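Commentary on secondary and tertiary structure
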Amino acid sequence: KKVTVMGGNIERITLKRPFGKLRIVTTDYEYIASYAAPAKAQLTYYNCELFKSFNAVSGNVSSIRPEKELTFEYNIANGGLYTAGIDAEVEGEKKNMTLFTDYLLATPIGESEVNFTLSLWDENNKEIVGHDFNMPIPIERNHLTTIKGNLLTTSATIKVTVNHTLNDHGDYKSEVEYPYDQEQE
């Protein structure tokens, strides 16, 4: 639609993000923080379609399927970067800790899916834990997908549930429950 605005004309438009947000949160931070707090992480996307560009006029994305994995290595911000919301202290203890956040281009309609591995090391480069999220994790435009659970101290399978309700910030939220359930939906 082509719009010309002159003088006092008002044209209302709705902007939608072409990205879905992926957030990984551990709920067992206080159990391990005193002796092996996570300091470094490596996240590797594999066997999934990733998008490399976005056409703002049409809303379409162009995809790539990496022949090899796409890997990110980063230092985890333990110094209180995230201190509110999901990472707020509860009764004086920091129970939750955001380990990773990524914004991924997503298809215009429906969900994209990603698979990835996540490995965490302490400040002495000793591996704490590694997880293989080898099932489709949903990524949808203008939605938040959160993987939340005891990611530092346990290993189990994933149950994915998607909740299409708006949060306080106008974002939709897809919830990924981890671990404890042996079934996949």
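Residues numbered from 1 in each chain as written. Predicted model: local features only at pLDDT ≥ 70, side-chain atom pairs only at ≥ 80, totals over all residues. Heavy atoms only, no water.

Things to note about the pairing of strand S7 (residues 111–121)
Worth spelling out the cut-off: When DSSP locates at least two bridges between a pair of strands, those strands are taken to pair. Runs of H or I in DSSP of at least four residues are treated as helices and runs of E of at least two as strands, each being numbered from the N terminus.
Looking at chain direction, strand S2 (residues 40–45) and S7 are connected through six bridges and run antiparallel. Bridge pairing in S7 places alanine 41 opposite leucine 120. Taken together, the ten bridges between S7 and strand S8 (residues 127–140) define a ladder with antiparallel strand orientation. By the bridge assignment for S8, threonine 117 is matched with aspartate 132. Counting the residues between successive antiparallel strands, the hairpin from S7 to S8 contains five residues, one of them, asparagine 125, with a positive phi of roughly 65 degrees.

Some points on the sheet that holds S2
We apply this condition: Throughout, an axis means a line fitted to C-alpha atoms (over the contacting stretch in the case of helices), and angles, computed between N-to-C directions, take values from 0 to 180 degrees.
Pairing is antiparallel in the open sheet, where four strands are placed in the order S5-S2-S7-S8. On the outer flanks of this sheet lie strand S5 (70–75) and S8, each paired with one strand and no other. With strand direction ignored, the average angle separating the axes of adjacent strands in the sheet is 20 degrees.

So, the nonpolar core
Note the cut-off: We define a nonpolar core as any set of buried Ala, Val, Leu, Ile, Met, Phe, Trp, Tyr and Cys residues linked to one another through side-chain atoms lying within 4.5 Å. Exposure is judged per residue with a 1.4 Å probe applied to protein chains only, and the accessible area is read against the type maximum: over 50% gives exposed, under 20% gives buried, and values in between give partly exposed. Residues count as neighbours in contact if any of their non-hydrogen atoms are within 4.5 Å of one another.
The biggest cluster of nonpolar side chains holds 31 residues, and the ones touching the most others in it are Ile24, Tyr45, Val114, Phe116 and Leu118. Only strand S1 (19–26), helix H1 (29–36), S2, strand S6 (97–105), S7 and S8 provide two or more residues apiece to this core. At six residues, S8 tops the list of elements feeding residues into this core. Residues within four places of leucine 118 in sequence aside, it is in contact with Ile24, Ala41, Gln42, Leu43, Tyr74, Leu99, Val129, Gly130, His131 and Phe133.

Details of the pairing of strand S3 (residues 50–54)
With four bridges connecting them, S3 and strand S4 (residues 61–64) associate as antiparallel partners. Of the residues in S4, the one forming a bridge with leucine 50 is isoleucine 64. The turn linking S3 back onto S4 is made up of six residues, and glycine 59 within it adopts a positive phi angle of 85 degrees.

Concerning the side chain of threonine 146
Secondary-structure assignment places threonine 146 in strand S9 (residues 143–149). Residue classification places threonine 146 among the buried positions, given a relative accessible area of 4%.

With respect to H1
The line we're drawing: Directions drawn from the helix axis to the C-beta atoms are what define this arc.
Of all the residues in H1, the buried ones are Tyr29, Ile32 and Ala36. All buried residues of H1 lie within an arc of 90 degrees about the axis, which places them on one face of the element. Opposite the buried face of H1, by more than 90 degrees, sit the exposed residues Tyr31, Ser34 and Tyr35. Looking at the buried positions of H1, the neighbouring elements they touch are S1, S6 and S8.

With respect to the confidence of the model for the chain
This is how it is decided: The pLDDT score gives, residue by residue, the confidence of the prediction method on a 0 to 100 scale.
Averaged over all residues, the pLDDT of the chain equals 75, while 70% of them reach at least 70. Low pLDDT, under 50, characterises residues 178–185; the predicted model gives this stretch 30 contacts beyond four residues in sequence or across chains.

Overview of the packing of aromatic side chains
We count it as follows: Note on ring pairs: Phe, Tyr and Trp rings are taken, using the six-membered ring of Trp, and paired if centres are within 6.5 Å. Classes follow the plane angle, with under 30 degrees stacked, over 60 edge-to-face and the rest tilted.
Enumeration over the complete set of coordinates arrives at four aromatic pairs. For the pair tyrosine 74 and phenylalanine 100, a centre-to-centre distance of 5.3 Å together with 40 degrees between the ring planes defines the contact as tilted. One end of the pair, tyrosine 74, is in strand S5; the other, phenylalanine 100, is in strand S6, and 26 residues separate them in sequence. In this structure phenylalanine 100 comes out as buried when scored by relative accessible area, which is 6%. Following the ring pairs from residue to residue traces out a cluster consisting of Tyr45, Phe72, Phe116 and Phe133.

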